[in-house]
Amino acid sequence: MDVEVSHLTKRFTLKGSPAVFDASFVAPSGKVTALLGPSGSGKTTVLRCIAGLEPVSEGRILLGSDDVTQIPVDKRGIGFVFQAFALFDLMTVRKNVGFGLEIRGTAAADVRARVDELLGLVQIGELSERFPDQLSGSQKQRVGFARALAPRPKVLLLDEPFGQLDSRVRVELRDFLRGLHQATHLTTILVTHDQDEAMEMADQIVVMHQGRVHQTGTPREIYDAPRTPFVAGFVGGANVLAGRVSRGRATLGSLSVAAPADLPEGTAIRAIVRPHDVKIARAVPGSSVALATITRLFTVGPTAKLQLTLPSGDVIAVELPRTQLDAMAIVQGDLVKVDLEEAKIFRDDYVI
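Notes on the structure follow. If you're wondering where the values come from, they're calculated on a predicted model, not measured in any experiment.

Turning our attention to the packing of aromatic side chains. With the rule as written, the count across this model stands at 5 aromatic pairs. Centre to centre, the rings of F80 and F82 are 4.5 Å apart; their planes meet at 20 degrees, and the pair counts as stacked. Between F88 and F99, the ring centres sit 4.9 Å apart and the planes meet at 55 degrees, which makes this aromatic pair tilted. Here the residue F88 occupies a position in the loop between β6 (78-81) and α2 (93-103), and F99 occupies one in helix α2, the gap between them amounting to 11 residues. The ring of F12 has K10 lying over it, and the distance from NZ or CZ to the ring centre is 4.9 Å. The side chain of R142 reaches across the aromatic face of F176, ending 4.5 Å from its centre.

This is the structure in structure tokens:
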């Protein structure tokens, strides 16, 4: 079932700025859509509006062809997994998972069968009689997934479900969630500020900033073809350089790249350059090409990360294979030649 968010605006006060403004996107049926953005971007507010936990100020929420904007939360057929686990401390795992079915009046035998099925699906069947304080963070979140799935929802909403877990457990649960999605094929919307999480798990990403949707696309489209300066700078990490268009080139201090054909001469611009798109080589004495000083250098496994200071004073980050760094035999403090392989160019006064 598709989930369509159409021109959604959400205000918490009559005179205040909206938390979400004119947001539109479609979460495709049977796919995972990630709402990605920094804290305060409006992504959780959108999720709560979809669930029916927050009233919509303007716009519509559709589940398939049904407009559910004014439908109560308990009538929408949506499962919700929270960051904070939100388990009932005085109930066993089995009771937590079956609670939603019991309050709907489901027969005891059917509740027992559904809970057994779900505990097997989330791989914690042996923990059915434990209480939440006897579980690890990973186990608690698996209970949360099982509880959300118990009433057979049409859509699954996940609000930073791994936010309280350490990095190793987060990776483990990503694998678990991918397997769970393959087993259920539920339309799933995941809120996260973690780019790796979004890129790895989602079929589609909706990038949000300051309450607005900046871009919707596949992970590859978001990374390779960002449509706004924010998306280009937020997703994947990037250097931001200021400059102007001169003779068909984006001149960025001592560096330059080809400028988009639609930008007139003299246009003030911002260039978004990914660290792996900065190319360096040992400096040649007397060379007229752009030079920079290595002001920081360290290695992380097979990757070398450098900080370069250009003659303009701009500081840029560079990433390259450690083997390439070793072959150049350069160290912190050395001068290097600098070139830009690619840059995303935007008008300096760009607004969404």
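The next thing to look at is the sheet that holds strand β12 (residues 249-252). What holds strands together in a sheet is hydrogen bonding between their backbones, with the strands either parallel or antiparallel. The strand order across the open sheet built from 5 strands is β13-β12-β11-β14-β20, with neighbouring strands paired in antiparallel fashion. Each having just a single partner strand, β13 (255-258) and β20 (344-347) make up the two edges of the open sheet. For this sheet, the mean inter-axis angle between neighbouring strands, taken without regard to orientation, is 35 degrees. Relative to β13, β12 runs antiparallel, the two sharing 4 bridges.

One open sheet accounts for 6 strands, arranged β6-β7-β8-β3-β9-β10; its pairing is mixed. Since the sheet does not close on itself, it has two edges, and those belong to β6 and β10 (212-217), each with one partner. Between one strand and the next, the sheet's axes are offset by a mean angle of 15 degrees, whatever the strand orientation.

Turning our attention to a nonpolar patch on the surface. Taken together, the side chains of L53, V73 and F82 define a hydrophobic patch exposed on the protein surface, amounting to about 210 Å² of accessible area. With respect to the helices and strands, V73 occurs in the loop between β5 (66-67) and β6.

All right, on to unusual backbone geometry then. Backbone geometry at R247 places phi at a positive 55 degrees, although glycine is not the residue there. When you line up the elements, R247 lands in the loop between β11 (239-246) and β12. The class of R247 is exposed, set by a relative accessible area of 79%.

Turning our eyes to something else, we now look at helix α1 (residues 43-51). In an α-helix, one full turn covers 3.6 residues, which means residues spaced three or four apart are oriented alike. Judged by how many residues are buried, α1 sits mostly within the fold: 7 of 9 residues are covered. Within the span of α1, buried status applies to K43, T45, V46, L47, C49, I50 and A51. Just past α1, the residue G52 takes up positive phi, approximately 95 degrees.

Its location among the elements puts T267 in the loop between β13 and β14 (268-273). Note on T267: relative accessible area 9%, which makes it buried. Within the structure, T267 has its side chain in polar contact with the backbone oxygen of P264 (distance 2.7 Å). Beyond its immediate chain neighbours, meaning those up to four positions away, T267 contacts G243, R244, V245 and R347.

So, about the pairing of strand β17 (residues 303-309). Burial along β17 is one-sided: the residues A304, L306 and L308 are buried and none of T303, K305, Q307 and T309 is. Of the strand pairs in this sheet, strand β16 (residues 291-300) and β17 are connected by 7 bridges, and their pairing is antiparallel. Bridge pairing in β17 links T293 to T309. Counting the residues between successive antiparallel strands, the hairpin from β16 to β17 contains 2 residues, one of them, G301, with a positive phi of roughly 60 degrees. Here 7 bridges tie β17 to strand β18 (residues 315-321), and the two strands are oriented antiparallel to one another. Considered in β18, the bridge of K305 is made with E319. Linkage of β17 to β18, two consecutive antiparallel strands, is achieved through a turn of 5 residues, within which G313 is found at a positive phi near 95 degrees.

Looking at where V122 falls in the secondary structure, it is placed in the loop between α3 (108-121) and α4 (137-149). Sequence separation between V122 and L8 is 114 residues, and the spatial gap between their C-alpha atoms is 34 Å.

The topology assignment puts T33 in strand β3 (residues 32-36). On the basis of relative accessible area, T33 is assigned to the buried category, the value being 0%. Residues within four places of T33 in sequence aside, it is in contact with A27, P28, T188, I189, L190, Q204 and V206.

On to the packing of α2 against α4, then. Axis separation between α2 and α4 bottoms out at 7 Å; the angle between their running directions is 30 degrees. On the basis of their axis angle, the class for α2 and α4 is roughly parallel. Handedness of the crossing formed by α2 with α4: right-handed. Contacts between α2 and α4 involve V93, N96 and V97 from the first element and V143, A146 and R147 from the second. For the contact of α2 with α4, the residue count by class is 4 nonpolar, 1 polar and 1 charged.

So, how was this worked out
Residues numbered from 1 in each chain as written. Predicted model: local features only at pLDDT ≥ 70, side-chain atom pairs only at ≥ 80, totals over all residues. Heavy atoms only, no water. Phe/Tyr/Trp six-rings, centres within 6.5 Å; stacked < 30°, edge-to-face > 60°. Helix = DSSP H or I, 4+ residues; strand = E, 2+ residues; numbered from the N terminus. Lys NZ or Arg CZ within 6 Å of the ring centre and 35° of its normal. Pairing = 2+ DSSP bridges. Axes fitted to C-alpha atoms, helices over the stretch in contact; angles between N-to-C directions. Patch = residues over 30% accessible without salt bridge, like charges linked within 9 Å, V, L, I, M, F, W, Y side chains within 5 Å. Areas by Shrake-Rupley, 256 points an atom, 1.4 Å probe, with all protein chains shown as cover. Salt bridge = Lys/Arg side-chain N within 4 Å of Asp/Glu carboxyl O. Buried < 20%, exposed > 50% of the residue type's maximum accessible area, 1.4 Å probe, protein only. Polar contact = N/O pair within 3.5 Å; in protein donor to acceptor, adjacent residues only side chain to side chain. Contact = heavy atoms within 4.5 Å. Parallel < 35°, antiparallel > 145°, perpendicular 65-115°, else oblique. Left-handed = near helix turned anticlockwise from the far one by under 90°. Nonpolar A, V, L, I, M, F, W, Y, C, P; charged D, E, K, R; others polar.

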